[in-house]
Amino acid sequence: MTESATDPVHADGPARPTVGVAVIGYSFMGKAHSNAWRNVAAFYPDVPRAVQRVLVGRDPDGVREAADRYGWQESATDWRAVLERDDVQVVDICTPGHLHAEIAEAALAAGKHVLLEKPLANTVAEAEALVAAARAASARGVQSMVGFNYRRVPALALARELIAAGRLGEVREVRAAYLQDWLVDASAPMAWRLRKEEAGSGALGDLGSHVVDQLQFLLDDTITWASGHLRTFVPTRPGASGPEDVTVDDAAWATLGTSRGAVASLEVSRMAHGRKNGLALEVFGSQGSLSFQLEALNELVVDTGAGGTRILVTESDHPYLDAWWPPGHVLGWDDTFVNQAADLLSCIGEGRAPSPSFADGAAVQRVLAAIEASAAQSGTCVTVEAGPKASTPPVPVPAAAPAVSLEPRP
Ligand SMILES: NC(=O)c1ccc[n+]([C@@H]2O[C@H](COP(=O)([O-])OP(=O)(O)OC[C@H]3O[C@@H](n4cnc5c(N)ncnc54)[C@H](O)[C@@H]3O)[C@@H](O)[C@H]2O)c1
């Protein structure tokens, strides 16, 4: 069932349809997405109202307790049974990567709109199967989107607009680093993120997928070649029954080239001592530059010749901000997921294809595969496999059109 209905319990007027949501997975992303579904109706009154129908996990007590805490009507342990429910229209998948393709394909086949956490899949083959499933579903009015939530950071959405408006001139160079340190301790235990069969890759797929998507989003360009290196600094970690081999990378580096001739450096690590969630982006063009740090996500520094302007991206005419607080009342990392939910609901309500699409997610997967292929050949330059053109329309913003002014505000 794909149509939304007006919920007699939650309806706040005949014009606001409701959309029943199920989230699969209730740990880190399950919590962040639950928070988004719980709050999106309050901040975005013009999109269909999300109703938190059911939270899904494997441990019945754990998922029941989480469902209660995060505001869900019910909990369940069998995601397949949830796909058969008529009161669920959106399935939001927050599980490890090896389950993405199976659950998403089944959900789309069952007529459910799908929000799928990044990276889209663990392999290019899985990603392509998902693109085909999404295309078939789209012909039936069923929407799908990948959870690259950093597209919903207002400062990065504004950066994309500034670049598109030519404020930096021709973009030539980008520096992109996404550094964390939660694996720096060699005695940190094994986890699914360290097993190739579950995670696909390590820091590359986990953090590098965000970086690659952000590069293609910011520049509205396609990465066409890659030269990469991967390292696993701690090859064995304590497992449940003794030492276990780590089968993914701890860190990755790449030089990437785009179809319009820009060159980007990518650096990702989960062992960068002191960096907690440090996504840093710098874009250099022929007439200006901009820089961004995720740990100061309300700020964008733009330099078009006079020494740099720090923009506090909290004005109501900045992307997404019309839905939020008065200027200077800053947003947090969790709010990007609210913006993401609003974008998806807006598209569902209007029958539009959301962005980033599964094709966009597959385009990221091809770049990751090229980096891995290059690393396997000691960094030889590898051409990124061409796929069907990924469509990345401007991120739909339900609020008023955002401004790109760099002038000081009164
Ligand atoms: N957008 C972001 O910034 C961001 C951040 C972290 C993780 N992620 C992505 O989110 C996804 C999940 O990561 P996480 O950090 O939440 O992992 P996690 O380990 O914290 O949670 C995974 C959840 O999946 C559940 N699960 C596993 N197998 C299941 C099954 N068969 N049926 C039902 N539930 C099952 C687990 O019980 C757990 O609740 C991954 O794809 C990851 O790459 C995205």
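Computed from a predicted structure; not experimentally measured. (Residues numbered from 1 in each chain as written. Predicted model: local features only at pLDDT ≥ 70, side-chain atom pairs only at ≥ 80, totals over all residues.)

*Asks:* For this particular structure, what's the right way to read unusual backbone geometry?
*Replies:* The general pattern is negative phi for most residues beyond glycine and trans for most peptide bonds. Cis geometry is adopted by the peptide bond preceding Pro 119, which originates at Lys 118 and carries an omega value of -15°. Residue placement: Pro 119 occurs in the loop between β5 (113-117) and α5 (124-138). Its identity is not glycine, yet Asp 220 carries a phi of approximately 50°, on the positive side. Its place among the elements puts Asp 220 in the loop between α8 (203-219) and β8 (223-231). Residue classification places Asp 220 among the partly exposed residues on the basis of 14 C-beta atoms within 10 Å. Backbone geometry places Tyr 320, a non-glycine residue, at a positive phi of 70°. (Helix = DSSP H or I, 4+ residues; strand = E, 2+ residues; numbered from the N terminus. Buried ≥ 20, exposed ≤ 12 C-beta atoms within 10 Å, placed from the backbone.)

*Asks:* I keep staring at the sheet that holds strand β4 (residues 90-93) and nothing clicks. Help me out?
*Replies:* By way of backbone hydrogen bonds, the strands of a sheet pair with one another, either parallel or antiparallel. Read across the open sheet, the 6 strands follow the order β3-β2-β1-β4-β5-β6; overall the sheet is parallel. Of all the strands in the sheet, just β3 (74-76) and β6 (144-147) have a single pairing partner and so form its edges. Shown here is a sheet whose adjacent strand axes are inclined to one another by a mean of 25°, direction ignored. Bridge analysis of strand β2 (residues 49-56) against β3 gives 3 bridges, and the strand direction is parallel. The partner of Val 56 across the bridge, within β3, is Ala 76. (Pairing = 2+ DSSP bridges. Axes fitted to C-alpha atoms, helices over the stretch in contact; angles between N-to-C directions.)

*Asks:* Could you clarify how one ought to interpret the nonpolar core in this entry?
*Replies:* A general trend in soluble globular proteins is that nonpolar side chains are found buried together. Residues Val 40, Val 56, Leu 130, Ala 159, Leu 215 and Ala 341 are the most contacted members of the largest nonpolar core, which totals 127 residues. Not counting residues up to four positions away in its chain, the partners in contact with Val 56 are Ala 22, Val 23, Ile 24, Val 63, Ala 76, Thr 77, Trp 79 and Val 82. (Core = buried A, V, L, I, M, F, W, Y, C linked by C-beta atoms within 7 Å. Contact = placed C-beta atoms within 7 Å.)

*Asks:* How do you make sense of the environment of Ala 133 when you look at a structure like this?
*Replies:* Looking at the element boundaries, Ala 133 is found in helix α5. According to the C-beta neighbour criterion, Ala 133 is buried, with 21 such atoms within 10 Å. Residues Ala 133 and Ile 93 lie 40 residues apart in sequence; the distance between their C-alpha atoms is 15 Å. Setting aside its immediate chain neighbours within four residues, Ala 133 contacts Glu 105 and Leu 108.

*Asks:* What exactly am I supposed to notice about the packing of helix α1 (residues 28-43) against helix α9 (residues 335-350) here?
*Replies:* Axes are the key here: two packed helices are described by the angle between their axes and the distance separating the axes. Remark: α1 packs on α9, axes separated minimally by 8 Å, with the N-to-C direction vectors making an angle of 65°. Handedness of the α1/α9 crossing: right-handed. Along its contact with α1, which presents Ala 32, His 33, Asn 35, Ala 36, Trp 37, Asn 39, Val 40 and Phe 43, the element α9 presents Phe 337, Val 338, Gln 340, Ala 341, Ala 342 and Leu 345. Of the residues belonging to the contact of α1 with α9, the class tally is 10 nonpolar, 4 polar and no charged. (Left-handed = near helix turned anticlockwise from the far one by under 90°. Nonpolar A, V, L, I, M, F, W, Y, C, P; charged D, E, K, R; others polar.)

*Asks:* Just to check I follow, could you spell out the pairing of strand β11 (residues 251-258) for this structure?
*Replies:* Moving residue by residue along a regular strand, the side chains alternate between the two faces of the sheet. With 6 of 8 residues buried, β11 is to be regarded as a mostly interior element. Strand direction decides the pairing type here: β11 and strand β12 (residues 263-269), joined by 7 bridges, are antiparallel. Along β12, the bridge assignment pairs Trp 253 with Glu 267.

*Asks:* Explanation requested: the site of the ligand in the structure shown.
*Replies:* Around the ligand, the surrounding shell holds 21 residues, and the nearest of these are Gly 25, Ser 27, Phe 28, Met 29 and Glu 117. Sort the elements by how many residues they give to the shell around the ligand and α1 lands first, with 3 residues. Along the lines of polarity and charge, the residues of the shell around the ligand split into 9 nonpolar, 8 polar and 4 charged. (Near = placed C-beta within 6 Å.)

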